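Remarks on the overall topology
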Number of protein chains: 2
Amino acid sequence: MAQKFHSTARKIVAIGRNYSEHAKELQNAIPKEPFFFLKPTSSFVRTRGNIEIPQGVVAHHEVELGVVIGETGRDISHNDALSHIAGYSLAIDMTARNIQDEIKKKGLPWSTLKGFDSFTPIGDFIPREKVFDPHQLGLWLKADDAIRQMGRTSDMIFRIPRLIQHVSSIMRLEEGDVLLTGTPSGVGPLIPGQTVSAGVTQGKEELDRLELKVVQRQGGYVYEADK
Amino acid sequence: MAQKFHSTARKIVAIGRNYSEHAKELQNAIPKEPFFFLKPTSSFVRTRGNIEIPQGVVAHHEVELGVVIGETGRDISHNDALSHIAGYSLAIDMTARNIQDEIKKKGLPWSTLKGFDSFTPIGDFIPREKVFDPHQLGLWLKADDAIRQMGRTSDMIFRIPRLIQHVSSIMRLEEGDVLLTGTPSGVGPLIPGQTVSAGVTQGKEELDRLELKVVQRQGGYVYEADK
Ligand SMILES: [Mg+2]
Ligand SMILES: [Mg+2]
Ligand SMILES: [Mg+2]
C-alpha cells in the first residue's frame, strides 16, 4: 500500500528550516524544536509534468527528501521511528515566497502559499531496503543547466527519527503519509519557460530524478501584493 | 463515495473569520477575501468519542458547518459551486488558542495548533437533498449545560459558492474533501471533565448532533509557552 502513496496519501507533513544554511539564507532563526506545515496531496505532480506558477506569484524551489510512512502510529518513539518508514521519495516543496513574506507578517496560515496545485513535484517510491542510511544521501536541483541546490541529508538539524517522534506526538502518522524533511540552501525562483530537474544520490548512484517544465498557470488565483 | 468521506477524505480546508461577530471577539479584522488553513483528516473523531486536550494547551471549540465535496473540480465557478457539493456535516474546529496567539506573532504555520488528533469532531454525512438552503441553518454548541455558541449560517461573510470558487482556484477540491465554513461567535475553552454537544438545525428539525467527552491527553506533545 505505501508504495501507492501518490494516490493514497492523506497528508503531507513538511518540516521547515531543517538545514541551518537554508534558515540563514532566509534570515530565519534556527528552530529549537522542529516545526511543520501541511501540504495537500492535491499538490502532487509527477516527473515530466508541469509546475504551474500562479499569476503574481514568486515561486521558489526547495528540493527535499520525502519519507513515506509504512506503519501507522502515534507517539512513535525515537527508537521505533525507522520501523514506521516504508520508503523514501524525492520531492520539491514549491513555495510562493512573496505570499509567504506577506503572510508571515500578518500571522496568517501558510496553506495557500504551499498548497497550490502542482506545488509538490514527487518522485517514485524508493523502498527503504534501497537506502543504506537516509542521512547519507545527496540532493541536487538545477534550473535549466544551472545548479541551484546541492546538499547532503547529513546536514539536517533534526534527523528523521526526531521528526517522526515530534510529528506523531501531535498528529497520528498513517500508512502512505509523506514527511518532507526540509531543504538545503540555494532556494530561488523558478519562472515560466524554465525546466527544473532534481536528483537524490547515494554515493555515486542516482536513486531517482525529477524533471518538470515550469509554466504560467492559466486562470486560477491571482496574487496581488497588499498595498 | 462522498458519504464515506470520514475514511476517504484527503483534505480538510477550514475557513477562518467567516462570521463578523467571531472575527470581532478575537480582535481580528474582517478579511477582504476568504482565507483558510488545512487540517489533517487524522484529526477526525466521531460522536461519543473523546476530545483529547494536549498538556499545556488552551483548546477552544468552534462549531461549524462542513461541506462535503462530491464532484472533483478546479477553478469551480460561483455558479457551478453547488453542483460540486455531495452533502454536509456538522463539525467542531478545535483550536489550540494559546499556541495560536504565540504562532501568529512569530508568523509560523497553524498546522500544529489546528491539527492535533481528535481536534475535528465530525458528524454524519447529511445528503444535500436534506438541506433546503445551507445558508438557512442554525448551529449551536454547549459545554455541559451551558450554551456557548448559537449562530445562523445566514451570517457567513463569504457564502459557500464563493468559498468553493476561492479554494478551488488555489487547490483542486476532490471527492470527499471537507470544507469547514467558519464559526459564529461564542468560542471558548473546553476543559477535561466537560461534555461538549453541538447541533445543526433546519427550522425546528435537528439534522445532526455531536456529543463528546473532553479528556486530558496522556503522553504526546506538551506545550510550554515561549519565555
Ligand atoms: Mg520546504
Ligand atoms: Mg474555525
Ligand atoms: Mg449523528
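Residues numbered from 1 in each chain as written. Chains lettered and ligands numbered in written order. Predicted model: local features only at pLDDT ≥ 70, side-chain atom pairs only at ≥ 80, totals over all residues. Heavy atoms only, no water.

- Going by an unreviewed UniProt entry, chain A carries the name Fumarylacetoacetase-like C-terminal domain-containing protein and comes from Wallemia ichthyophaga.
- Per UniProt, the comment on chain A under Sequence similarities (unreviewed entry) is "Belongs to the FAH family." (UniProt positions renumbered as here; feature names shortened; annotations may be inferred.)

1. Brief notes about the pattern of salt bridges
- In total, this model carries 30 salt bridges over all chains according to the counting rule given.
- Here the salt bridges share partners, and the residues they tie into one network are Lys39, Glu62, Asp93, Arg97 and Lys114 of chain A. (Salt bridge = Lys/Arg side-chain N within 4 Å of Asp/Glu carboxyl O.)

2. A closer look at the sheet that holds strand E15 (residues 195-202) of chain B
Residues and elements named next belong to chain B.
- If you trace the five strands from one edge of the open sheet to the other, you get E4-E16-E15-E11-E12, paired in mixed fashion. Two strands bound the open sheet, and with one partner strand each, they are strand E4 (50-53) and strand E12 (146-152). Mean inter-strand twist for the sheet, computed between neighbouring axes without regard to direction, equals 20°.
- The sheet contact formed by E4 and strand E16 (residues 205-216) spans four bridges and is parallel. Within E16, the position partnered with Glu52 by the bridge is Val215. (Pairing = 2+ DSSP bridges. Helix = DSSP H or I, 4+ residues; strand = E, 2+ residues; numbered from the N terminus. Axes fitted to C-alpha atoms, helices over the stretch in contact; angles between N-to-C directions.)

3. Description of the relation of the copies chain A and chain B
- For these two chains of identical sequence, chain A goes onto chain B by a turn of 180° and a shift of 0.0 Å along the axis, with RMSD 0.0 Å. Look at the turn and shift together and you get a two-fold axis relating the two.
- Interface residue correspondence from chain A to chain B reaches 100%, placing this contact among same-surface, isologous pairings. (Least-squares fit on C-alpha atoms with pLDDT ≥ 70 in both. Contact = heavy atoms within 4.5 Å.)

4. Side note on the interface of chain A and chain B
- Each partner contributes residues to the interface: chain A has 44 residues there, and chain B has 44 residues.
- Of the roughly 3500 Å² buried where chain A meets chain B, counting both sides, 45% is carbon and sulfur surface.
- When the buried area of chain A at its contact with chain B is split by residue, Arg10, Arg74 and Ile170 of chain A rank highest and sum to 19% of it.
- Between chain A and chain B we count six salt bridges in total.
- Between Asp75 of chain B and Arg217 of chain A there is a salt bridge, with the nearest N and O atoms lying 2.8 Å from each other.
- Linking chain A to chain B there are 32 residue pairs in polar contact (both at pLDDT 80 or more).
- Listed by contribution, the elements that provide at least two residues to the side of chain A that touches chain B are helix H1 (5-8), strand E2 (35-39), helix H4 (111-115) and helix H5 (160-168) of chain A.
- The element best represented in the side of chain A that touches chain B is E2 of chain A, accounting for five residues.
- Tallied by class, the residues present in the side of chain A that touches chain B amount to 14 nonpolar, 15 polar and 15 charged. (Buried area = accessible area lost by both parts, 1.4 Å probe. Polar contact = N/O pair within 3.5 Å; in protein donor to acceptor, adjacent residues only side chain to side chain. Nonpolar A, V, L, I, M, F, W, Y, C, P; charged D, E, K, R; others polar.)

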